[in-house]
Amino acid sequence: MQAPLRSTCKSIARQYPRWASFLILIPSLLLSGCPDPTKKYTLDPRDLVSNGIGEQSARTAAPFGDDMVRYLMGQTREAGDTFVLDVDFEPGGFAPRMDTLGDVEALLVIMRDFPKLKIVVEGHTDNAGDPKKNRKLSQWRANWVKQFLLERGINEERVEAAGLGDSDPVADNDTQRGREQNRRLVVRVIDFDGKPINVWMDGPKK
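Residues numbered from 1 in each chain as written. Predicted model: local features only at pLDDT ≥ 70, side-chain atom pairs only at ≥ 80, totals over all residues. Heavy atoms only, no water.

*Asks:* Describe the overall build of the protein, naming the residues involved and giving the relevant values.
*Replies:* Helix and strand counts for the protein stand at seven helices and four strands. The helix and strand sequence of the protein, counted from the amino end, reads α-α-α-α-β-α-β-α-β-α-β. Put simply, the protein has 206 residues, and 36% of those count as buried. Considering only contacts in the protein between residues 6 or more positions apart, those separated by 24 or more positions represent 73%. When the accessible surface of the protein is totalled, it reaches about 12800 Å², and 52% of it is carbon and sulfur. (Helix = DSSP H or I, 4+ residues; strand = E, 2+ residues; numbered from the N terminus. Buried < 20%, exposed > 50% of the residue type's maximum accessible area, 1.4 Å probe, protein only. Contact = heavy atoms within 4.5 Å. Areas by Shrake-Rupley, 256 points an atom, 1.4 Å probe, with all protein chains shown as cover.)

Structure representation (structure tokens):
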């Protein structure tokens, strides 16, 4: 706050003490701006992720976590109700590399925060190799994410896993870039009520 403005505020505050707190509040609002509850939501810590690397990763994961919360809070999006998990697998492996679990951790926190959310985790591959093996591998990968959620307290009725193999490509399998895009894990929202249980900005929700 500049010196002349500060002096003026102090003078008015002495004459009109009831307005003092209001004068103090105005500069802070101008500096901070209006909060966006769909972006900066805060979650009540849970036993299995509280104060750990997983929770911090979940809170900062982007764009998956941010996009999904915005959608659940009512924002429309071009990709509709599907969200790609940004995870990496070893070739032919069914479990993601442990250093790429940020989006999976984010999904766990969101599932806890939106207790009526139900999803399908879809596994997809490119068309290289045997289609039956591809479908089986994609199912294993989807199952891994489902099991990750169940082991951390998410009800089994809320999570389905489907291995679709190479049956639903989103890009050209004749190019390396296209094949990379087709090898993906997708979260599809099948039912939800966009009312999170633990959203607040400046303190606990009352």
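*Asks:* Account for the sheet that holds strand β4 (residues 184-191), with residues named and values stated.
*Replies:* The mixed open sheet is built from four strands, whose spatial order is β1-β4-β2-β3. Taken across any chain shown, the strands that pair with only one partner, and hence form the sheet edges, are β1 (82-85) and β3 (159-163). On average, each strand axis in the sheet is inclined to that of its neighbour by 25°, with strand direction left out of account. By the bridge criterion, four bridges tie β1 to β4 in an arrangement that is antiparallel. Of the residues in β4, the one forming a bridge with Val-84 is Val-186. Seen against the sheet, helix α4 (residues 64-72) touches β1, β2 (118-124) and β4 and runs at an angle of roughly 165° to β1. The sheet contacts of helix α5 (residues 102-113) involve β1, β2, β3 and β4, and relative to β1 the element is tilted by about 140°. (Pairing = 2+ DSSP bridges. Axes fitted to C-alpha atoms, helices over the stretch in contact; angles between N-to-C directions.)

*Asks:* Could you give me a rundown of the packing of aromatic side chains, with the residues and numbers involved?
*Replies:* Per the stated rule, a full pass over the model turns up four aromatic pairs. With a centroid separation of 6.4 Å and an interplanar angle of 85°, the aromatic rings of Phe-64 and Phe-83 are classed as edge-to-face. Of this pair, Phe-64 sits in helix α4 while Phe-83 sits in strand β1, and the two are 19 residues apart along the sequence. There is no split in this pair, since Phe-64 and Phe-83 are both buried. With a centroid separation of 5.5 Å and an interplanar angle of 45°, the aromatic rings of Tyr-71 and Phe-192 are classed as tilted. One end of the pair, Tyr-71, is in helix α4; the other, Phe-192, is in the segment after β4, with 121 residues separating them in the sequence. Geometry around Phe-89 places Arg-141 over its ring, the cationic atom sitting 4.1 Å from the centre. Over the ring of Phe-148 we find Arg-152, and its NZ or CZ is 3.8 Å from the ring centre. (Phe/Tyr/Trp six-rings, centres within 6.5 Å; stacked < 30°, edge-to-face > 60°. Lys NZ or Arg CZ within 6 Å of the ring centre and 35° of its normal.)

*Asks:* I'd like a rundown of the confidence of the model for the protein, residues and numbers included.
*Replies:* Per-chain confidence: the protein averages 75 in pLDDT, with 64% of residues scoring 70 or above. Note on residues 19-51: pLDDT under 50 across the span, and 48 contacts to partners over four residues away in sequence or across chains. Across residues 199-206 the pLDDT falls below 50, and counting only partners more than four positions away or on other chains, this stretch makes 14 contacts in the model. (pLDDT = per-residue confidence, 0-100.)

*Asks:* Kindly report on the environment of Arg-112, identifying the contributing residues and their values.
*Replies:* Within the secondary structure, Arg-112 sits in helix α5. As for Arg-112 and Ile-154, which are separated by 42 residues in sequence, their C-alpha atoms are 7.3 Å apart.

*Asks:* Any chance you could break down the packing of α4 against α5 for me, citing the residues and the numbers?
*Replies:* One way to put it is that α4 packs onto α5 with a least axis distance of 9 Å and a crossing angle of 30°. When the axis of α4 is compared with that of α5, the two are roughly parallel. As α4 runs across α5, the sense of the crossing is right-handed. Here α4 contributes Phe-64, Gly-65, Met-68, Val-69 and Leu-72 to the contact with α5, which in turn contributes Asp-103, Ala-106, Leu-107 and Ile-110. Its residues assigned to classes, the contact of α4 with α5 shows seven nonpolar, one polar and one charged. (Parallel < 35°, antiparallel > 145°, perpendicular 65-115°, else oblique. Left-handed = near helix turned anticlockwise from the far one by under 90°. Nonpolar A, V, L, I, M, F, W, Y, C, P; charged D, E, K, R; others polar.)

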